[in-house]
Amino acid sequence: MSGNTRAAYLLPYYLWIVLFVAAPVVLVFYYSLFDVDGHFTFSNYAQFLTPVYLSMTLSSFWYALLITVCSLLVAYPAAYLLTRTKHKQLWLLLIILPTWINLLLKTYAFIGIFGTYGPVNAVLSLVGLGGQQLLFTSSSFVFVSVYIFVPFMILPIYNALEGLNPSLLDAARDLGASKWTAFRRVIFPLTLSGVRSGCMAVFIPALSLFMITRLIAGNRVITLGTAIEQHFLVTQDWGMGSTVAVFLILAMAIIMLITSGTKRRVRHGK
Amino acid sequence: MANKNRFGNIYLVLVFLVLYAPILYLMYYSFNSGGTMHQFEGFTLQYYKEVFADTRLIIIVINTLVIALLSSALATIIGIMGALAIHQMQNRRVRNTLLSLNNVLIVNPDVIIGASFLILFTMVGIKLGFYSVLLSHVAFSVPIAVIMILPRLQEMSPSLVDAARDLGASRMDVLTKVILPFIKPGIYAGFFMALTYSLDDFAVTFFVTGSGYSTLSVEIYSRARQGVSLSINALSTLIFLFTVLLVVGYYFIMRKANRNGKKEPAAEMGVPR
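Residues numbered from 1 in each chain as written. Chains lettered and ligands numbered in written order. Predicted model: local features only at pLDDT ≥ 70, side-chain atom pairs only at ≥ 80, totals over all residues. Heavy atoms only, no water.

A.B. asks: Just checking my understanding: could you explain the overall build of chain A for this structure?
C.D. replies: Along chain A, the regular secondary structure elements total 14 helices and zero strands. In sequence order, chain A lays out its α and β elements as α-α-α-α-α-α-α-α-α-α-α-α-α-α. Projecting the C-alpha coordinates of chain A onto the three principal axes gives extents of approximately 70 × 70 × 35 Å. A total of 270 residues make up chain A; the buried ones form 53% of that total. In chain A, the share of contacts with a sequence separation of at least 24, taken over all contacts with a separation of at least 6, comes to 68%. Total accessible area computed for chain A in this model is approximately 12,200 Å², and 69% of it derives from carbon and sulfur atoms. Between the mean site of the 17 positive side-chain charges and the mean site of the 7 negative ones, chain A shows a separation of 15 Å. (Helix = DSSP H or I, 4+ residues; strand = E, 2+ residues; numbered from the N terminus. Buried < 20%, exposed > 50% of the residue type's maximum accessible area, 1.4 Å probe, protein only. Contact = heavy atoms within 4.5 Å. Areas by Shrake-Rupley, 256 points an atom, 1.4 Å probe, with all protein chains shown as cover. Lys, Arg positive; Asp, Glu negative; His and termini not counted. Charge placed at Lys NZ, Arg CZ, Asp CG, Glu CD.)

Printed below as a string of structure tokens:
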């Protein structure tokens, strides 16, 4: 084969990069400059900078942060305890298994669980708190999102903890560090890369969730993702939708820059 | 010490309970003759019969499987080329650029991928339906395949290729008789991963299906929005069993791939969205 044919067989891959990586991003930027009637305008950007959209962006970030922090609080101890179990492989597999089940189905289950006659309400009335409206609240939205994202947080932290050199811990203990000090000064800082990639794996999707907001939060929570979906598929205002997308892309790029330097394999938790 | 251990175990058990509760809940009520997701009245297989009698649903399941198999096969082929392209790149900077471009679709939120593909397909003039869904699934599966294959390629000793060349193998022979067999576990892993991504995807598909064509997650979404129907429960029980089979299959592939390796297979398993 000559050099030319050698390059030719790689062509599909390069074509993929141009068509499906570069072009879509360019098109989103391009579309953000047009209004509903197809006129060139900057009005979408002006509109985005009004309080309505800014407060939505802010609340979207706030929920994403809340979801990330809650996931971390649940996941770190779980990952730590997992590394201490006997049959690590099996337990880890059991943590991973639910993530392979369609997200929609899990979300759908919560419609029943949080429903007016669901088990959670049954327990609440048993305790004497009476029936509560659980579905279509922001707290149920946060709970379901954390439920969905926790395994994605556990995995990278688990990998970081497993990669830890145990002799470092022994050394810390030998030097008189208490268990807590050893954790705070040795274990946690050394697993920070896992924590960081876990947070990335949760924060970015949490910014753009839209079906959980629809099914569980009943439009009470509007994230950037919901706004994009709304503009593209309901109001057909692609320009405005693209503008929101542009800001989401920018936000992501900034987050990436801040956390850059860490090895990132987001969904693989490596 | 023992006390602390017990506390830890309780915590872990609690996490597992919460993790599995919704799934078991769905499965349990799929047998409820009462027709609701509360108050179990009696055992019935009625909803399973409904699922199997629902031709529309069965067509959708077939659609989903066809899309998943086709798109992951195509994505794996393109992924092999991509991994080779990145691997062969001598210039570090170009190589890193290529790698970052490769990962754009992995870190990009689904909504943006969906919306931008919708723009792309309408601009190019591809009708929304089977082809737009297939293309977008191929598109978002390619980087996953690359990421699963590339490490195997980097593990390969370059002298292996040199030896083959010295013995008179053509480029094509080197590729088909040396490189491809060596990276086979990575190729399988990539294919499997792409398969699960495709089966699981909702957000991207939702944007590019148009009317008339549907995949399972899009269908579940529209049914769930209409309210509770126990045939979804029956369906999800069936999907759960199928998923367990897939995971076990994938686990064994990874174990085979890592047999003499140092990494544990479960830790290597990627997680679909």
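Back to the text.
A.B. asks: Would you explain a nonpolar patch on the surface in this entry?
C.D. replies: All names here are of chain B. Residues Phe52, Ile58, Ile62, Val66, Leu70 and Leu74 make up a contiguous nonpolar surface patch of roughly 500 Å² in combined accessible area. The dominant element in the nonpolar patch, judged by the number of residues it contributes, is helix α3 (residues 55-88), at five residues. Ile58 gets classed as partly exposed once you look at its relative accessible area, which sits at 32%. (Patch = residues over 30% accessible without salt bridge, like charges linked within 9 Å, V, L, I, M, F, W, Y side chains within 5 Å. Salt bridge = Lys/Arg side-chain N within 4 Å of Asp/Glu carboxyl O.)

A.B. asks: Would you mind going over the packing of aromatic side chains with me for this structure?
C.D. replies: Pairs of aromatic rings are described using the distance from one ring centre to the other and the angle between the two planes. Residues and elements named next belong to chain A. For the coordinates displayed, the defined rule picks out 42 aromatic pairs over all chains. A centroid spacing of 5.7 Å and a plane angle of 85° characterise the contact between Tyr63 and Phe141, whose relative ring orientation is edge-to-face. Highlighted residues: Tyr63 in helix α4 (residues 51-84) and Phe141 in helix α8 (residues 138-162), separated in sequence by 78 residues. For the ring pair Phe114 and Phe143, a centre distance of 5.7 Å and an interplane angle of 75° mean the geometry is edge-to-face. You can see Phe114 sitting in the loop between α6 (103-113) and α7 (119-127) and its partner Phe143 sitting in helix α8, a full 29 residues away along the chain. Its relative accessible area of 9% is what places Phe114 among the buried residues. In this structure Phe143 comes out as partly exposed when scored by relative accessible area, which is 39%. (Phe/Tyr/Trp six-rings, centres within 6.5 Å; stacked < 30°, edge-to-face > 60°.)

A.B. asks: What is the right way to read the UniProt feature "domain: ABC transmembrane type-1" (unreviewed entry) in chain A from this model?
C.D. replies: UniProt's entry tags residues 57-259 of chain A with the feature "domain: ABC transmembrane type-1" (unreviewed entry), counted in the numbering of this structure. End C-alpha atoms of residues 57-259 of chain A are separated by 21 Å, and the span's content is 77% helix alongside 0% strand. (UniProt positions renumbered as here; feature names shortened; annotations may be inferred.)

A.B. asks: Explain the packing of helix α4 (residues 92-107) of chain B against helix α6 (residues 130-155) of chain B to me, please; I cannot follow it from the model alone.
C.D. replies: Relative orientation and spacing of two packed helices are given, respectively, by the angle between their axes and the distance between those axes. All names here are of chain B. In contact at an axis separation of 7 Å, α4 and α6 are set at 135° when each is read in the N-to-C sense. With respect to each other, α4 and α6 are oriented oblique. Where α4 crosses over α6, the handedness of that crossing is left-handed. Residues Arg95, Leu99, Asn102, Asn103, Leu105 and Ile106 of α4 touch α6, and the partners they reach there are Ala139, Phe140, Pro143, Ile144, Val146, Ile147, Leu150 and Gln154. Residue classes in the contact of α4 with α6 are distributed as 10 nonpolar, three polar and one charged. (Axes fitted to C-alpha atoms, helices over the stretch in contact; angles between N-to-C directions. Parallel < 35°, antiparallel > 145°, perpendicular 65-115°, else oblique. Left-handed = near helix turned anticlockwise from the far one by under 90°. Nonpolar A, V, L, I, M, F, W, Y, C, P; charged D, E, K, R; others polar.)

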